[in-house]
2 protein chains.
Amino acid sequence: MNFYTPPVQNLIDQFSRLPGIGPKSAQRIAFHLLQSSNENALGLAAAIETAKEQVRFCEVCCNFSATEVCELCQDPKRDPAVICVVEESRDIAIVERSGEFSGQYHVLHGAMNPIEGIGPEQLRVKELLNRLKDSQVTEVIVATSPNLEGEATSMYLARLLNPVGIMVTRPASGLPVGGDLEYVDELTLGRALSARQQITP
Amino acid sequence: MNFYTPPVQNLIDQFSRLPGIGPKSAQRIAFHLLQSSNENALGLAAAIETAKEQVRFCEVCCNFSATEVCELCQDPKRDPAVICVVEESRDIAIVERSGEFSGQYHVLHGAMNPIEGIGPEQLRVKELLNRLKDSQVTEVIVATSPNLEGEATSMYLARLLNPVGIMVTRPASGLPVGGDLEYVDELTLGRALSARQQITP
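Parameters and conventions
- Residues numbered from 1 in each chain as written.
- Chains lettered and ligands numbered in written order.
- Predicted model: local features only at pLDDT ≥ 70, side-chain atom pairs only at ≥ 80, totals over all residues.
- Heavy atoms only, no water.
- Helix = DSSP H or I, 4+ residues; strand = E, 2+ residues; numbered from the N terminus.
- Expected span 1.5 Å × (residues − 1).
- Buried < 20%, exposed > 50% of the residue type's maximum accessible area, 1.4 Å probe, protein only.
- Contact = heavy atoms within 4.5 Å.
- Domains from an automatic or database assignment.
- Least-squares fit on C-alpha atoms with pLDDT ≥ 70 in both.
- Pairing = 2+ DSSP bridges.
- Axes fitted to C-alpha atoms, helices over the stretch in contact; angles between N-to-C directions.
- Buried area = accessible area lost by both parts, 1.4 Å probe.
- Salt bridge = Lys/Arg side-chain N within 4 Å of Asp/Glu carboxyl O.
- Polar contact = N/O pair within 3.5 Å; in protein donor to acceptor, adjacent residues only side chain to side chain.
- Core = buried A, V, L, I, M, F, W, Y, C linked by side-chain atoms within 4.5 Å.
- Parallel < 35°, antiparallel > 145°, perpendicular 65-115°, else oblique.
- Left-handed = near helix turned anticlockwise from the far one by under 90°.
- Nonpolar A, V, L, I, M, F, W, Y, C, P; charged D, E, K, R; others polar.

A. Region of interest: helix 2 (residues 23–35) of chain A. An ideal rise of 1.5 Å per residue puts 18 Å on 13 residues; helix 2 of chain A measures up with 18 Å between its terminal C-alpha atoms. Taken residue by residue, helix 2 of chain A has A:Ala26, A:Gln27, A:Ile29, A:Ala30, A:Phe31, A:Leu33 and A:Leu34 as its buried positions. The secondary structure elements touched by the buried residues of helix 2 of chain A are helix 1 (6–16) and helix 3 (38–54) of chain A together with helix 3 (38–54), strand 2 (64–65) and helix 5 (89–98) of chain B.

Quick look at the structure:
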């Protein structure tokens, strides 16, 4: 038997389809919305509708954008010689927060994963190549995740771009700052050791 | 600096206001919706709008309902002599799943909490009293949570209803079925011991 009236049950079902939301959370959110003001609840509905209506992909970097070309790509202060390739839009915020990068971005919308059938055709690789043609770009930093898929993607891009004279780099692997040596896995420690740097006092 | 275009940022903000959703989850859900089909994303928006438009409180039991009187209250098979009082709408589903109750319900929408200023006036107590007038109800089961607020609420209702000849009961406290004695707190074990039952083979 269904214990909730259909509009409530539908609300719970819709929320439980979202990533990371189980049936209990979905129920909690649904009741929260039912009990909150019309303004609050309808604000969420409107935000979804506005985002789906207005947000498209930036024609240059493939990031989500409300304009044809996104703000970052239009910013004249960003270095046009370096492109940082990331897997997802959210990674741009992570790289930006580091404060160590002032170039352009390119969002692949995923990483290569042959087992799941995700190759270069499923990613925004073609868009990257088009962008590099007749450009001033000299370096592509592949900031994909340091896992199998991310490494495969960076290796593929390096093979593709090295012959046309573009340097392909990758952020260094090593010990996380503020971490404890005891909890570092041997692969990370191995890479950190082989990339060790001299201390110049 | 804001890294997302305003409609995306607004979508993330709206989701992070929901209970149990932190900024990371909100971001994940927002990007999921941006990447999913229009049908899926707008289905969620429509579900919120429909629920806010159609769902009100049942005039009898104060549960959420799409009709003036909810399905449970309209069901002629439910015993009209017993009312189970619960804190929230979701508790009805929990009691129903136990399969041990076939009477009516009443939703208080909270429990008494003097510190937070929640007294009988903030709960649907008046609606319960109106309902009990000239009714066939002989027993009110107060199935509020077995915590301070829930106990205070049940005590209050017992003092209110005993003088008018309505029996007020409470589900038994005791050991959870399938649990381990090692993990039972002393208060629960104390109550379970004083309410011990004879085994009749």
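Still to come is the rest of the account.
B. Structural view of the domain arrangement of chain A. The assigned domain composition of chain A is domain 1 (6–54) and domain 2 (64–198). If you average the C-alpha positions of domain 1 of chain A and of domain 2 of chain A, the two centres end up 34 Å apart.

C. Main features of helix 1 (residues 6–16) of chain B. Turning to helix 1 of chain B, its buried residues are B:Pro7, B:Val8, B:Gln9, B:Leu11, B:Ile12, B:Gln14 and B:Phe15. Contacts from the buried residues of helix 1 of chain B go to helix 1, helix 3 and strand 2 (64–65) of chain A together with helix 2 (23–35) and helix 3 of chain B.

D. The arrangement of the relation of the copies chain B and chain A in detail. For the pair chain B and chain A, the best superposition has an RMSD of 0.1 Å and corresponds to a rotation of 180° with a translation of 0.0 Å parallel to the axis. In the structure described here, the two chain copies are related by an operation that fits a two-fold rotation axis. Across chain B, the smallest distance between a C-alpha and the rotation axis is recorded for B:Ala45, namely 2.1 Å. When the interface residues of chain B are mapped onto chain A, 100% of them are again interface residues, pointing to one common binding face.

E. Structural view of the environment of B:Asn130. With respect to the element layout, B:Asn130 can be found in helix 6 (residues 125–132). Each C-alpha atom, one on B:Asn130 and one on B:Cys73, is 15 Å from the other, the two residues being 57 residues apart in sequence.

F. Spatial organisation of the sheet that holds strand 5 (residues 139–142) of chain A. All names here are of chain A. Spatial strand order, 4-3-5-6: 4 strands in an open sheet with parallel pairing. At either margin of the open sheet sits one strand with a lone partner, and together these are strand 4 (103–107) and strand 6 (167–169). On average, adjacent strands in this sheet sit at an angle of 25° to one another, irrespective of strand direction. Helix 6 (residues 125–132) contacts strand 3 (79–86), strand 4 and strand 5 of the sheet and is inclined by roughly 150° relative to strand 4. Those strands touched by helix 7 (residues 148–161) are strand 3, strand 5 and strand 6, and its axis lies near 170° from that of strand 6.

G. Focus on the interface of chain B and chain A. If you look at the interface, chain B gives 51 residues, while chain A gives 51 residues. Interface area, chain B with chain A, both sides summed: about 4,600 Å², of which 71% is carbon and sulfur. The tally of links from chain B across to chain A stands at 0 salt bridges. Where chain B meets chain A, there are 12 residue pairs in polar contact (both at pLDDT 80 or more). Looking at the side of chain B that touches chain A, the elements that each hand over two or more residues are helix 1, helix 2, helix 3, strand 2 and helix 5 of chain B. With 13 residues, the top contributor of residues to the side of chain B that touches chain A is helix 3 of chain B.

H. Inspection of the side chain of B:Ser154 at higher detail. Inspection of the secondary structure assignment puts B:Ser154 in helix 7 (residues 148–161). Excluding its chain neighbours within four sequence positions, the residues that come into contact with B:Ser154 are B:Val142, B:Thr144, B:Val168 and B:Arg170.

I. Region of interest: the nonpolar core. Counting 46 residues, the largest nonpolar core has A:Phe15, A:Ile48, B:Phe15 and B:Ile48 as its most contacted members. Mapped by element, the contributors of at least two residues to this core are helix 1, helix 2 and helix 3 of chain A together with helix 1, helix 2 and helix 3 of chain B. The residues contacting A:Phe15, other than those within four sequence positions of it, are A:Ile21, A:Ala26, A:Ile29, A:Leu33, A:Leu44, B:Phe15, B:Leu18, B:Leu44 and B:Ile48.

J. Spatial organisation of the packing of helix 3 of chain A against helix 1 of chain B. One can describe the packing of helix 3 of chain A onto helix 1 of chain B by two numbers: an axis separation of 9 Å at closest approach and a directional angle of 150°. In terms of orientation, helix 3 of chain A and helix 1 of chain B fall into the roughly antiparallel class. In this structure, helix 3 of chain A meets helix 1 of chain B at a crossing whose hand is left-handed. Of helix 1 of chain B, the residues touching helix 3 of chain A (which contributes A:Asn40, A:Gly43, A:Leu44, A:Ala47, A:Ile48, A:Ala51 and A:Gln54) are B:Pro7, B:Asn10, B:Leu11, B:Gln14 and B:Phe15. Residues of the contact of helix 3 of chain A with helix 1 of chain B, tallied by class, amount to 7 nonpolar, 5 polar and no charged.

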